[in-house]
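The residues making up each chain are set out below.
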Amino acid sequence: PAGQPGSVVFAGEGAGAFAGTGAAVFAGQGAAEFDGQFQAGIFAGQGQAQFDGSGQVNFATQLGGGVVGGFNNFAGSADFQGAGIVGAVGTGTAAFNGQGLGIVQ
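Everything in this summary refers to the structure shown in the same document.

The rules behind each value
Residues numbered from 1 in each chain as written. Predicted model: local features only at pLDDT ≥ 70, side-chain atom pairs only at ≥ 80, totals over all residues. Heavy atoms only, no water. Helix = DSSP H or I, 4+ residues; strand = E, 2+ residues; numbered from the N terminus. Rg over C-alpha atoms; globule rule 2.2 N^0.38 Å. Buried < 20%, exposed > 50% of the residue type's maximum accessible area, 1.4 Å probe, protein only. Areas by Shrake-Rupley, 256 points an atom, 1.4 Å probe, with all protein chains shown as cover. 1 Å grid on protein atoms, 1.4 Å probe; cavity = no way out; pocket = protein on both sides within 12 Å on 5 of 7 lines; lining within 4 Å. Points joined across faces, edges and corners; volume = space filled by probe spheres on them. Nonpolar A, V, L, I, M, F, W, Y, C, P; charged D, E, K, R; others polar. Phe/Tyr/Trp six-rings, centres within 6.5 Å; stacked < 30°, edge-to-face > 60°. Contact = heavy atoms within 4.5 Å. Polar contact = N/O pair within 3.5 Å; in protein donor to acceptor, adjacent residues only side chain to side chain. Pairing = 2+ DSSP bridges.

## Section: the overall build of the protein chain
- Of regular secondary structure, the protein chain possesses 0 helices and 2 strands.
- Relative to the compact-globule value of 13 Å for 105 residues, the protein chain shows a C-alpha radius of gyration of 13 Å, a close match.
- Relative to its 105 residues, the protein chain shows a buried fraction of 25%.
- Per element, the accessible surface of the protein chain, about 5,900 Å² overall, is 55% carbon and sulfur.

What follows is the structure in structure tokens.
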């Protein structure tokens, strides 16, 4: 499907890496890594998350497993593995590897 001018949309299985300023979202099964400075981000799903940097990270576990959360004014690396969704707005790199839907703008 077509996205907004300057955007990249992909669906299926594979890997991609993007650098710049804007927004990035990955939803599906696999891994996502965000490196840089992000004003805001969200995440939800089942799997593993690792934050290495500075900023505010909030999360809550859900009955039956899984987690939902967000991060604000975060600088560093945020890595996610499993099934779910993650998105961030800021400057840096976003890399996805797995099966799902990715949008970068």
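## Observations regarding the layout of surface pockets
- One number sums up the size of the largest pocket: a volume of about 260 Å³.
- Along the wall of the largest pocket there are 24 residues; nearest its centre are Ala44, Gly45, Gln48, Phe80 and Gln81.
- Of all elements in the fold, only strand 1 (8-61) and strand 2 (67-104) reach the threshold of two or more residues within the lining of the largest pocket.
- Counting residues per element, the lining of the largest pocket draws most heavily on strand 1, at 16 residues.
- Grouping the constituent residues of the lining of the largest pocket by class yields 14 nonpolar, 10 polar and no charged.
- There is about 160 Å³ of room inside the second largest pocket.

## Some thoughts on the packing of aromatic side chains
- Scanning the entire structure with this criterion turns up 11 aromatic pairs.
- Between phenylalanine 26 and phenylalanine 96, the aromatic rings sit 5.3 Å apart at their centres with planes inclined by 15 degrees, giving stacked as the arrangement. With phenylalanine 26 in strand 1 and phenylalanine 96 in strand 2, this pair connects stretches of sequence that are 70 residues apart.
- A ring pair is formed by phenylalanine 43 and phenylalanine 51, whose centres lie 5.6 Å apart and whose planes are at 50 degrees; its orientation type is tilted.
- Aromatic rings pair up to connect Phe18, Phe26, Phe34, Phe38 and Phe96 into one cluster.

## What about the environment of serine 77?
- You can see serine 77 is positioned in strand 2.
- Take serine 77: its relative accessible area is 15%, and that puts it in the buried class.
- Setting aside its immediate chain neighbours within four residues, serine 77 contacts Glu33, Phe34, Asp35, Gln50, Phe51 and Asp52.
- Of the polar contacts made by the side chain of serine 77, one reaches the side chain of aspartate 35; its length is 2.8 Å.

## Observations concerning the pairing of strand 2
- Bridge count between strand 1 and strand 2: 73 bridges; the pairing is antiparallel. The residue of strand 2 that forms the bridge with asparagine 58 is glycine 70.
- In this antiparallel pair of consecutive strands, strand 1 and strand 2, the connection spans 5 residues, and glycine 64 shows a positive phi of 85 degrees.

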